[in-house]
Amino acid sequence: MNILRLVDIISNTGIYELVYNQVALHASPSIFITKPWGLFTYMFAHVGILHILFNMLNLFWFGNIFREMLGNQRVLPVYLLGGIAGGLIYMGSYFLFVPAPDALMIGASASVMCLLVAAATQVPNYEIGLMFIGAIKLKWLALALVIIGVITMFDGNFGGVMSHLGGAALGFAYIKLLQNGTDLARPLIWLFSPAQRSSVKPVVKKFKPKKSPLKVVKKADENPQSRLDQLLDKINEKGYNSLSAEEKAWLEKMSKEK
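Since we're looking at a predicted model, the values are computed, not measured.

**Description of the overall build of the protein chain**
Here is step 1 of the chain: What the protein chain contains, in helices and strands, is 14 helices and four strands.
Here is step 2 of the chain: Residues classed as buried in the protein chain amount to 37% of the 258 residues present.
Here is step 3 of the chain: Just so you have it, the protein chain exposes about 16100 Å², and 66% of that area is on carbon and sulfur atoms.

Written out as structure tokens, the structure reads:
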């Protein structure tokens, strides 16, 4: 958006304001119904360079922790759910508490906060290193950010802080529901994963060894690197928790041998 603003300053075409009004989330219900796509586009747009820099750094750090634990397929769906939750809380807070004709919001903060809190809820004791502070558990970092948001709520960014809290609440609720067997992201995972939409199941040919199957097993055991690569790919795609107890034990054994 800063690039468009620079073009607008040079050309005086008004393109910056035009695009901003289209991609931003409008708090006014009467304006929102004419631009409902803003509930999705706002979480992918930024103006300030530092705004996008810190959001993307946090997305890289905490999104990778989330991905490691729960797999690639959940990252984008939960990002979207967090942004939607934050956007709805933003609109609701302005409608209920701020007597303003309209307010606009852009930025990925609610979505990133959702992934951060989700990661902290899934692995609360996961430790990360912070400059000047040292190692800190993820749950305390998430809690500190939420408290800071509440304390600074009335310092000129009421709607923005409310959206952050909405994203954080969604991240916490998502993990708790997932642990109880309900995956809120399942419809979006289905939407974004062509393999899961396919109704045609691949035909698996049965392997009939010409000689004793014991030789095949022995050959597979002699190549642990192949199995290690397969398990790492599985973790990358579906998360560590997708491994069976036997697979986790085998990985632990391999790590000790190396």
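**Side note on helix H2 (residues 15–23)**
Here is step 1 of the chain: Of the residues making up H2, those classed as buried are Tyr16, Tyr20 and Val23. The arc that holds the buried residues of H2, viewed along the axis, is 75°, so those residues lie on one side. Among the exposed residues of H2, those pointing more than 90 degrees away from its buried face are Glu17 and Leu18.
Here is step 2 of the chain: In this fold, the buried residues of H2 make contact with helix H1 (2–11), strand E1 (25–26), helix H4 (38–41) and strand E2 (104–105).

**Focus: the pairing of strand E4 (residues 134–137)**
Here is step 1 of the chain: Bridging between strand E3 (residues 127–130) and E4 involves four bridges; their strand directions are antiparallel. Each bridged residue has a counterpart across the sheet, and for Glu127 the counterpart in E4 is Lys137.
Here is step 2 of the chain: Here E3 folds back onto E4, and the loop between the two strands holds three residues, one of which, Phe132, carries a positive phi near 70°.

**Describing the packing of aromatic side chains**
Here is step 1 of the chain: Overall, the coordinates contain four aromatic pairs when judged by the stated rule.
Here is step 2 of the chain: Between Tyr16 and Tyr20, the aromatic rings sit 5.8 Å apart at their centres with planes inclined by 40°, giving tilted as the arrangement. Note that Tyr16 and Tyr20 are positioned in helix H2 at a spacing of four residues, about one turn of the helix. When sorted by exposure, Tyr16 lands in the same class as Tyr20, which is buried.

**Some points on the nonpolar core**
Here is step 1 of the chain: Counting 44 residues, the largest nonpolar core has Leu25, Phe66, Tyr90, Leu138 and Tyr174 as its most contacted members.
Here is step 2 of the chain: Contributions of two or more residues to this core are made by helix H5 (49–70), helix H6 (75–97), helix H7 (109–122), helix H8 (138–151) and helix H9 (158–179).
Here is step 3 of the chain: Of the residues forming this core, the biggest block, 10 residues, is contributed by H7.
Here is step 4 of the chain: In this structure Tyr174 touches Phe66, Arg74, Val78, Asp183, Leu184 and Ala185, once residues within four positions along its chain are discounted.
Here is step 5 of the chain: Counting residues in hydrophobic clusters, the runner-up holds eight residues, among them Tyr16, Tyr20, Val47 and Ile106.

**With respect to a nonpolar patch on the surface**
Here is step 1 of the chain: Among the surface-exposed residues, Leu50, Ile52, Leu53, Phe54, Met56, Leu57, Phe60 and Trp61 lie close enough to one another that they form a single nonpolar patch of about 780 Å² accessible area.
Here is step 2 of the chain: When you line up the elements, Leu57 lands in helix H5.

**Quick notes on the pattern of salt bridges**
Here is step 1 of the chain: Summed over all chains, the structure comprises one salt bridge.
Here is step 2 of the chain: Arg74 is the partner of Asp183 in a salt bridge, and the nearest nitrogen-oxygen pair spans 3.2 Å. Taken together, the residues span a long stretch of sequence, with Asp183 in the loop between H9 and helix H10 (186–192) and Arg74 in the loop between H5 and H6 at a distance of 109 residues.
Here is step 3 of the chain: The buried category is assigned to Arg74, whose relative accessible area is 14%.

**Overview of the confidence of the model for the protein chain**
The predicted structure's coordinates, where accompanied by low pLDDT, should not be read in detail.
Here is step 1 of the chain: This prediction gives the protein chain a mean pLDDT of 83; 87% of its residues lie at or above 70.
Here is step 2 of the chain: Of all secondary-structure elements in the protein chain, the lowest mean pLDDT belongs to helix H12 (residues 213–221), at 44, while H4 reaches the highest, 96.
Here is step 3 of the chain: Across residues 199–207 the pLDDT falls below 50, and counting only partners more than four positions away or on other chains, this stretch makes one contact in the model.
Here is step 4 of the chain: When the criterion is pLDDT under 50, residues 210–222 qualifies, and its contacts beyond four places in sequence or with other chains add up to one contact.

**Describing the packing of H6 against H9**
Here is step 1 of the chain: Their axes nearest at 7 Å, the elements H6 and H9 cross at an angle of 135°. Classified by the angle their axes make, H6 and H9 are oblique. Pair H6 / H9 crosses with right-handed handedness. Residues Val78, Leu81, Gly82, Ala85, Gly86, Ile89, Tyr90, Ser93, Tyr94 and Phe97 of H6 pack against Phe158, Gly159, Gly160, Met162, Ser163, Gly166, Gly167, Leu170 and Tyr174 of H9.
Here is step 2 of the chain: Considered class by class, the residues forming the contact of H6 with H9 number 11 nonpolar, eight polar and no charged.

**Overview of unusual backbone geometry**
Here is step 1 of the chain: Its identity is not glycine, yet Asn12 carries a phi of approximately 55°, on the positive side.
Here is step 2 of the chain: Tracing the chain through its elements places Asn12 in the loop between H1 and H2.

**Quick notes on the environment of Phe32**
Here is step 1 of the chain: Structurally, Phe32 is set in helix H3 (residues 29–32).
Here is step 2 of the chain: For Phe32, a relative accessible area of 16% gives the class buried.
Here is step 3 of the chain: Distance from Phe32 to Met91, taken between C-alpha atoms, is 9.2 Å for residues 59 residues apart in sequence.
Here is step 4 of the chain: Residues contacting Phe32, with those up to four places away along its chain left out, are Leu25, His26, Leu39 and Met91.

What counts, and where the lines are drawn
Residues numbered from 1 in each chain as written. Predicted model: local features only at pLDDT ≥ 70, side-chain atom pairs only at ≥ 80, totals over all residues. Heavy atoms only, no water. Helix = DSSP H or I, 4+ residues; strand = E, 2+ residues; numbered from the N terminus. Buried < 20%, exposed > 50% of the residue type's maximum accessible area, 1.4 Å probe, protein only. Areas by Shrake-Rupley, 256 points an atom, 1.4 Å probe, with all protein chains shown as cover. Arc of directions from axis to C-beta. Contact = heavy atoms within 4.5 Å. Pairing = 2+ DSSP bridges. Phe/Tyr/Trp six-rings, centres within 6.5 Å; stacked < 30°, edge-to-face > 60°. Core = buried A, V, L, I, M, F, W, Y, C linked by side-chain atoms within 4.5 Å. Patch = residues over 30% accessible without salt bridge, like charges linked within 9 Å, V, L, I, M, F, W, Y side chains within 5 Å. Salt bridge = Lys/Arg side-chain N within 4 Å of Asp/Glu carboxyl O. pLDDT = per-residue confidence, 0-100. Axes fitted to C-alpha atoms, helices over the stretch in contact; angles between N-to-C directions. Parallel < 35°, antiparallel > 145°, perpendicular 65-115°, else oblique. Left-handed = near helix turned anticlockwise from the far one by under 90°. Nonpolar A, V, L, I, M, F, W, Y, C, P; charged D, E, K, R; others polar.

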